[in-house]
Amino acid sequence: MNIDQEDIEDIGSGCEAVPTDFSHGSLRRLVTSEVSLDLKRKYMKKCLFVGVAVVVILGVFTRQFQSNRTAALIRDFFQCYRKHYDEIFYGKRNYCDSDEWFDSGKILKNIREENIIHQDRVLQQLEVALHKGKDLNVVALVGPVGVGKSLVLSSLATNFPWPENVHTYAWNTYMRDDSKKFRMLSLMLERLSDCGCNLLIIENLKPSDHDLVKRVNELIQQIVNGKKRLIIFYVFNLNWMRDEHLVVEQREFLIKTLPVDHVISFNPFTKAELRECVHREMILEKVHLIPEDLEDIIETIDVTHSGCKNVNAKVLMYGIRR
């Protein structure tokens, strides 16, 4: 059987032979036909399996499977078919191109539609932070409970161009052992995708967890090492049940010392913002409140300690369906 290096190169360069508009052969029929998405996925898996088998066989026959050149051809082959698989699977051209598909302005427009209360400056800072096209973008959100941090990040995750690349970890929720927590984060980092951009959210942090940021950043450098694009958010909750002056000092300390690209501080709420929260939840849940119940909600929620955290439950309890 006469197989030489040129045959392998033909296989490795086969990706370029497939037009980007899928205008020839079975790929064109695949896209233009009325078959289901599941059939398209199965088809691509079969193509990938057959292609890999051919590359391996050719490498074995030429006894060059361990050579750097053949290994590079196999790697290119995988990248090529991954690209076309993603384009068909997600229905987007150049799906893995982070510069093409990441639009910070569009994302912030959608976040603002969530009616984020009393945080205009925060949203401006967030847009600046997301606009920077760095391989590693590190941001810290600092503020009391119930002022919009989770709502902002939930909307960001919903509008993220690569939803399969979104990862969230609540630091002080699942376990107490820090070594186990770091093990979980390490597994998340190892599973980061090289397609598009990744979003990692580490929430439920206390001011005393400030050393964690440096340690996680070092872990990122060890595992990711600039090979994948990542945006990471550290979310710190300030406890306003303690002395107000101490809380202000903690916020200033975090702003000055956290080793991140951006520290974004959320404003605390007063009863005026609490009233806006109630009206927002009434519209969202499509319920009506009589004036007495509305005032009862305002008076029974300690906005300094919990912000708008408990408003939705109260509105559902008192509200009358329209």
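Everything quoted here is computed from the prediction, not taken from an experiment.

## As for the pattern of salt bridges
Now for step 1: The full count for this structure, using the stated rule, is seven salt bridges.
Now for step 2: For Arg112, the salt bridge is made with Glu127, and the minimal N-O distance between the two is 3.6 Å. Separated by 15 residues along the polypeptide, Arg112 in helix H6 (residues 104-112) and Glu127 in helix H7 (residues 120-131) bring together distant segments of the chain.
Now for step 3: Classification of Glu127 by relative accessible area gives partly exposed; the value is 28%.
Now for step 4: Glu295 is the salt-bridge partner of Arg275, the closest N and O atoms lying 2.9 Å from each other. Linking Arg275 in helix H12 (residues 271-285) with Glu295 in helix H13 (residues 291-300), this pair joins segments that are 20 residues apart in sequence.

## So, the packing of helix H9 (residues 178-190) against helix H10 (residues 210-223)
Now for step 1: Where H9 contacts H10, the two axes come as close as 10 Å, and the packing angle between them is 40°. Regarding the angle of H9 to H10, the classification is oblique. Where H9 crosses over H10, the two elements pack in a sense that is right-handed. Of the residues in H10, those touching H9 at Asp178, Phe182, Leu185, Ser186, Leu189 and Glu190 are Leu212, Arg215, Val216, Leu219, Ile220 and Ile223.
Now for step 2: Residues belonging to the contact of H9 with H10 are distributed by class as follows: eight nonpolar, one polar and three charged.

## A few points about the environment of Leu212
Now for step 1: Of note, Leu212 is situated in helix H10.
Now for step 2: Take Leu212: its relative accessible area is 5%, and that puts it in the buried class.
Now for step 3: Residues Leu212 and Phe182 lie 30 residues apart in sequence; the distance between their C-alpha atoms is 9.5 Å.
Now for step 4: The contact partners of Leu212, leaving out residues within four places of it in the chain, are Trp171, Phe182, Ile202 and Leu205.

## Considering the packing of H12 against H13
Now for step 1: Between H12 and H13, the shortest axis-to-axis distance is 10 Å and the interhelical angle comes to 130°. Looking at the two axes, H12 sits oblique to H13. For the pair H12 and H13, the crossing hand works out as right-handed. Along the contact surface, H12 presents Lys271, Leu274, Arg275, Val278, His279 and Met282, while H13 presents Leu294, Glu295, Ile297, Ile298 and Glu299.
Now for step 2: By residue class, the composition of the contact of H12 with H13 is six nonpolar, one polar and four charged.

## Examining the sheet that holds strand S1 (residues 136-144)
Now for step 1: Read across the open sheet, the five strands follow the order S2-S3-S4-S1-S5; overall the sheet is parallel. At either margin of the open sheet sits one strand with a lone partner, and together these are strand S2 (166-170) and strand S5 (262-265). If you compare each strand with its neighbour and ignore which way they point, the axes differ by 15° on average.
Now for step 2: As paired strands, S1 and strand S4 (residues 229-238) are joined by nine bridges and run parallel to one another. Within the sheet, the bridge partner assigned to Pro144 lies in S4 and is Leu238.
Now for step 3: Contacting S1, S2, strand S3 (197-205) and S4, helix H8 (residues 149-158) runs over the sheet at an angle of about 160° to S4.

## Quick look at the nonpolar core
Now for step 1: Of all hydrophobic cores here, the largest spans 44 residues; its most connected members are Ile111, Phe233 and Val278.
Now for step 2: The contact partners of Phe233, leaving out residues within four places of it in the chain, are Leu126, Leu130, Val139, Leu141, Leu153, Leu156, Leu199, Leu200, Ile201 and Ile202.
Now for step 3: Counting 28 residues, the second largest nonpolar core, distinct from the first, contains Val142, Trp171, Phe182 and Val247.

## Quick look at the environment of Gly148
Now for step 1: Its location among the elements puts Gly148 in the loop between S1 and H8.
Now for step 2: By relative accessible area, Gly148 is classed as buried at 18%.

## Things to note about the pairing of S3
Now for step 1: With seven of nine residues buried, S3 is to be regarded as a mostly interior element.
Now for step 2: Bridging between S2 and S3 involves five bridges; their strand directions are parallel. For Tyr169, the partnering residue across the bridge sits in S3 and is Ile202.
Now for step 3: After leaving S2, the chain enters H9 and then returns to the sheet as S3, a path that is right-handed.
Now for step 4: Two strands pair when backbone bridges link them, and S3 and S4 are joined in this way by seven bridges, in the parallel orientation.

Reading the values: the criteria
- Residues numbered from 1 in each chain as written.
- Predicted model: local features only at pLDDT ≥ 70, side-chain atom pairs only at ≥ 80, totals over all residues.
- Heavy atoms only, no water.
- Salt bridge = Lys/Arg side-chain N within 4 Å of Asp/Glu carboxyl O.
- Helix = DSSP H or I, 4+ residues; strand = E, 2+ residues; numbered from the N terminus.
- Buried < 20%, exposed > 50% of the residue type's maximum accessible area, 1.4 Å probe, protein only.
- Axes fitted to C-alpha atoms, helices over the stretch in contact; angles between N-to-C directions.
- Parallel < 35°, antiparallel > 145°, perpendicular 65-115°, else oblique.
- Left-handed = near helix turned anticlockwise from the far one by under 90°.
- Contact = heavy atoms within 4.5 Å.
- Nonpolar A, V, L, I, M, F, W, Y, C, P; charged D, E, K, R; others polar.
- Pairing = 2+ DSSP bridges.
- Core = buried A, V, L, I, M, F, W, Y, C linked by side-chain atoms within 4.5 Å.
- Right-handed = clockwise from strand over helix to strand, strands pointing away.

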